[in-house]
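Structure at a glance
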Amino acid sequence: MSFYITRKNYEKFDFKGFFERVSDRDVERVIEKKRLTEIDYLTLLSPRAEGHLEKMAQKAHYLTVQHFGKVILLYTPLYLANYCVNHCVYCGFRLHSGLERKKLSLDEVEVEAKMIAATGLKHILILTGESKEQSPVSYIRECIEVLKKYFTSISIEIYPLEEHEYAGLISAGVDGLTIYQEVYNEKVYADLHPAGPKRNYQFRLEAPERACRAGIRTVNVGALLGLYEWRSEAFFTGLHANYLQNMYPAVEVSISPPRIRPYPGEYQPVVMVSDKNLVQYILAFRLFMPRGGVTVSTRERAELREHLVKLGATKMSAGSCTAVGGRSNYQSTGQFEIWDGRSVAEMADMLYSQGYQPVYKDWQVV
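As a convention, each chain's residues are numbered from 1 in the sequence order in which they are written. Predicted model: local features are reported for residues with pLDDT of at least 70 only, side-chain atom pairs are reported and counted for 80 or more only, and whole-chain, interface and lining totals are derived from all residues. With hydrogens and water excluded, all non-hydrogen atoms of the structure serve as input to the side-chain values.

Next up on the list: the overall build of the protein. Working definition: helices are DSSP H or I runs of at least four residues, strands are E runs of at least two. Numbering for both runs from the N terminus. Counting secondary structure elements, the protein contains 15 helices and nine strands. Computed over its C-alpha atoms, the radius of gyration of the protein comes to 20 Å, within 12% of the 21 Å expected for a compact globule of 366 residues. Counting every position in the protein, which comprises 366 residues, the buried fraction comes to 59%. For the protein, restricting intrachain contacts to residue pairs at least 6 apart in sequence, the fraction spanning at least 24 positions comes to 75%. Computation of the radius of gyration draws on C-alpha atoms, with the globule rule given as 2.2 Å multiplied by the number of residues to the power 0.38. Exposure is judged per residue with a 1.4 Å probe applied to protein chains only, and the accessible area is read against the type maximum: over 50% gives exposed, under 20% gives buried, and values in between give partly exposed. Whether two residues are in contact is decided by their heavy atoms, any of which lying within 4.5 Å being enough.

Structure follows, in structure tokens:
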């Protein structure tokens, strides 16, 4: 069994026709339900549901507080390397992009770690470009050994691995995986990834399952909004998260709804995803998966992130930097532009002002 099969079951689904048939009464009925089906979730993603966002928001807030409390977990990304062998047309790290390449030495990793740890954060997400030659699993494991001295939870956002490779990193101290499918439409995926190992759609799609079998504690999936029609992409992201939660109930599953941000290059989103669209997606997901986490990164502007605190978000990045070694070297070029540049302290103050508690540590690797 694989989510690839679940995805294939919707290969010829008529999203446009379905949305045209959704009525206000259909939306109201779904909002009132305690447990939603896949089609219920799609109903809440419909254009018709846009007229019911206030009621959706009230229930989403209630469910989030019920399952998570009034807390937001804070974390920050640490880019270890930006070498990449893929040709993703939308990414600043892609091969031949003209980006200056860099990989942190272990001493440089420690410098960055100390700077991050000084802010009080204990959760970190480490990232690399997708080059197994320049950033091999052995290098990532060496970095983890350094980072364990400063952080209680280490997540990875790297190229897809085999199950035994995930198991090796988990034994080294990794407890979380973030991996974006980027786009769930398989044909569009092929067009956006013309060359490189990332072109293998199914291998990437099944990476979270391999990590779950290897014993990972948390998994975060998502689609990069703007690459294709957002409603179907949000639908498949939710289905993916729900599949993982059902298949691996011991794993904490969450989604991220990132929108394309500017980077050094000329790629423009195929579809514009508005703030309203993003809010609808998060609300619909919360009603579909009340216990599912929602991560909102600094790709989004500060004002929007503040509103999302009470609309379903459970985890937010703070004090972010998308450049390799960017905290100690301000001339480094990042993967994309950050929109919310607030520090960890500023994010904590914002949360306190809304009656929420910032959480710096909720897990300890043993």
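Time to look at the pairing of strand 5 (residues 218-223). For strand 5, the tally of buried residues reaches six of six residues, placing the bulk of the element in the interior. Two strands qualify as a pair provided DSSP detects at least 2 bridges between them. Where strand 4 (residues 174-182) and strand 5 come together, six bridges link them in parallel fashion. Note on strand 5: the bridge partner recorded for L177 is V219. Pairing analysis gives four bridges linking strand 5 to strand 6 (residues 252-255), with the strands arranged parallel. Residue N220 lies in a different strand from strand 6, and its bridge partner there is S254. Handedness of a crossover is defined as follows: with both strands directed away from the viewer, a clockwise route from the first strand across the helix to the second makes it right-handed. In this view, the connection linking strand 5 to its parallel neighbour strand 6 by way of helix 12 (residues 230-247) has right-handed handedness.

This part takes up a nonpolar patch on the surface. On the surface, M1, I5 and M247 cluster together to form a nonpolar patch covering roughly 330 Å² of accessible area. You can see M1 is positioned in the segment before helix 1 (3-8). Assessed through its relative accessible area of 68%, M1 is described here as exposed. Exposure above 30% relative accessible area and the absence of a salt bridge qualify a residue for a patch, where like charges join within 9 Å and nonpolar side chains (Val, Leu, Ile, Met, Phe, Trp, Tyr) within 5 Å. Per-residue accessibility takes into account occlusion by the displayed protein chains alone, with areas from the Shrake-Rupley method and a 1.4 Å probe. Criterion for a salt bridge: a side-chain nitrogen of Lys or Arg within 4 Å of a carboxyl oxygen of Asp or Glu.

Below, the discussion takes up unusual backbone geometry. Although it is not a glycine, E182 sits at a positive phi angle of roughly 75 degrees. Looking at where E182 falls in the secondary structure, it is placed in strand 4. On the basis of relative accessible area, E182 is assigned to the buried category, the value being 8%.

Right, let's talk about the packing of aromatic side chains for a bit. Side-chain rings of Phe, Tyr and Trp, where Trp is taken by its six-membered ring, are said to pair if the distance between their centres is within 6.5 Å; with planes under 30 degrees apart they count as stacked, over 60 as edge-to-face, and otherwise as tilted. Tallying each qualifying case throughout the model produces 18 aromatic pairs. Relative to F235, the ring of Y10 has its centre 5.2 Å away and its plane inclined at 80 degrees; by these criteria the two rings are edge-to-face. Of this pair, Y10 sits in the loop between helix 1 and helix 2 (15-21) while F235 sits in helix 12; the two residues are 225 residues apart in sequence, bridging distant segments of the chain. The exposure class assigned to Y10 is buried, which follows from its relative accessible area of 13%. Ring-pair connections join several aromatic residues into one group, and the members of that group are F3, Y10, F13, F15, F18, F19, Y41, Y184, F235, F236, Y243 and F288. Whether a charge sits over a ring comes down to the Lys NZ or Arg CZ being within 6 Å of the ring centre and within 35 degrees of the ring normal. Cation over ring: K315 sits above Y75, and NZ or CZ is 5.0 Å from the ring centre.

Evaluated as defined, the whole model comprises 30 salt bridges. Here R7 and E11 are joined by a salt bridge, their closest N and O atoms 3.9 Å apart. The exposure class assigned to R7 is buried, which follows from its relative accessible area of 5%. Where R231 meets E50, a salt bridge forms, and the shortest distance between an N and an O atom there is 2.8 Å. Within this pair, whereas R231 is found in helix 12, its partner E50 is found in the loop between helix 4 (38-44) and helix 5 (53-68), the two being separated by 181 residues in sequence. In this structure R231 comes out as buried when scored by relative accessible area, which is 9%. When its relative accessible area of 24% is taken as the criterion, E50 is described as partly exposed. Through salt bridges with shared partners, a single network forms among R259, D275, E300, R301 and E303.

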